[in-house]
Amino acid sequence: MQLPDEIGIMVLPETVLFPHSVQPLHIFEPRYRQMLLEALMGSRMFAVISQGEHNVPVSSGIAGVGYVRTAVQNSDGTSNILLQGYSRVVFEDYTQISPYYKGRPRQLEESHEDKEDNEILARHLVSKILEIKETKQAIKGDVKEFLNKITDFHMLADIIAGTLVRNHLNRQRLLEMTTLSERLPFLVDSLRDEYSI
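Everything in this summary refers to the structure shown in the same document. Treat the numbers as computed from the prediction; the structure is a model and nothing was measured.

Considering the pattern of salt bridges
- On inspection of all chains with the given rule, the structure shows seven salt bridges.
- D158 serves as the salt-bridge partner of R88, at 2.8 Å between the closest nitrogen and oxygen. Linking R88 in strand β5 (residues 79-96) with D158 in helix α5 (residues 153-164), this pair joins segments that are 70 residues apart in sequence. Accessibility classification places R88 together with D158 in one group, the buried group.
- Linking E194 and R166 is a salt bridge whose minimum nitrogen-to-oxygen distance equals 3.5 Å. Highlighted residues: E194 in helix α7 (residues 180-195) and R166 in the loop between α5 and α6 (168-176), separated in sequence by 28 residues.
- Residues joined by salt bridges that share partners form a network here, namely R88, D158 and R183.

Points about the packing of aromatic side chains
- Applying the stated criterion across every chain yields a total of two aromatic pairs.
- Relative to Y94, the ring of F91 has its centre 6.1 Å away and its plane inclined at 25°; by these criteria the two rings are stacked.
- When the ring of Y94 is compared with that of Y101, the centres are 5.1 Å apart and the planes differ by 75°; the resulting orientation is edge-to-face.
- Chaining the aromatic ring pairs together yields one cluster made of F91, Y94 and Y101.

Describing the environment of F18
- Within the secondary structure, F18 is located in the loop between β1 (7-12) and β2 (22-27).
- Here the alpha-carbon distance between F18 and M45, two residues 27 residues apart in the chain, equals 14 Å.

Description of helix α1 (residues 30-41)
- Relative to the 16 Å expected for twelve residues at 1.5 Å per residue, α1 spans 17 Å between its end C-alpha atoms, a close match to the ideal helical length.
- Turning to α1, its buried residues are Y32, M35, L36 and A39. An end-on view of α1 places all buried positions within 100° of arc, on one side of the element. In α1, the exposed positions that point more than 90 degrees away from the buried face belong to P30, L37 and M41.
- Those residues of α1 that are buried are in contact with β1, β2, β3 (45-50), β4 (62-73) and β5.

About the thresholds
- One numbering rule holds for all chains: residues counted from 1, following each sequence as written.
- This being a predicted model, a pLDDT of at least 70 is required before a residue's local features are given, and a value of 80 or more before pairs of side-chain atoms are given or counted; all residues contribute to the totals for chains, interfaces and linings.
- Side-chain numbers here rest on the full set of heavy atoms in the structure, without hydrogens or water.
- Whenever Lys or Arg places a side-chain nitrogen within 4 Å of a carboxyl oxygen from Asp or Glu, that contact is recorded as a salt bridge.
- Every helix listed is a DSSP run of H or I at least four residues long, and every strand listed is a run of E at least two residues long, numbered separately from the N terminus.
- Summary of the burial criterion: residues with accessible area below 20% of their type's maximum are buried, those above 50% are exposed, and those between are partly exposed, where the area comes from a 1.4 Å probe applied to protein chains only.
- Aromatic pairs are defined between Phe, Tyr and Trp rings, using the six-membered ring for Trp, whenever the two ring centres lie within 6.5 Å; interplanar angles under 30 degrees are classed as stacked, those over 60 as edge-to-face, and all others as tilted.
- Take the residue count of a helix, subtract one, and multiply by 1.5 Å to get its expected span.
- The directions from the helix axis to the C-beta atoms form the arc being described.
- Working rule for contacts: check all heavy atoms of both residues, and any pair within 4.5 Å makes them a contact.

Right, dumping it as structure tokens:
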């Protein structure tokens, strides 16, 4: 898949879309119905950006772009969709603000750091997740094995952040971090704060 040159943007309060995560959305506002229709007729992609002050996108311009995996239109014109997170992007300006935002996304490159250090941090993170009372029942043998086998630590961090981190400010900070040396320790701290591990 390739990012379009220009893309629709959904501005949502306290919502962060991570790469590799799946976000269910109910599309009901007329402007976003139009955006979804245009996406489905083209790349099937649009961005989700967290709402900042005064109902505008967060000042960093950093968002998650997703691919519409499924879209079911309801009899009242609304739609239920599953949006698969694809990449981190930044919008340095917007080409349209009404009826919905559009912009030119620039993909944020993720750093490639020392793999050994990242692996130590990642395995520590997985061990911490397995200590969380709320996840002990949900994480069965197959899921545990999957988590322990992931060697793409950017993917691992995004899956965990998208699934377990509840504080939207922490989620946004994690989305904005492109280095694992920042992201993995902050993710461990976020889980420790939220789940008392």
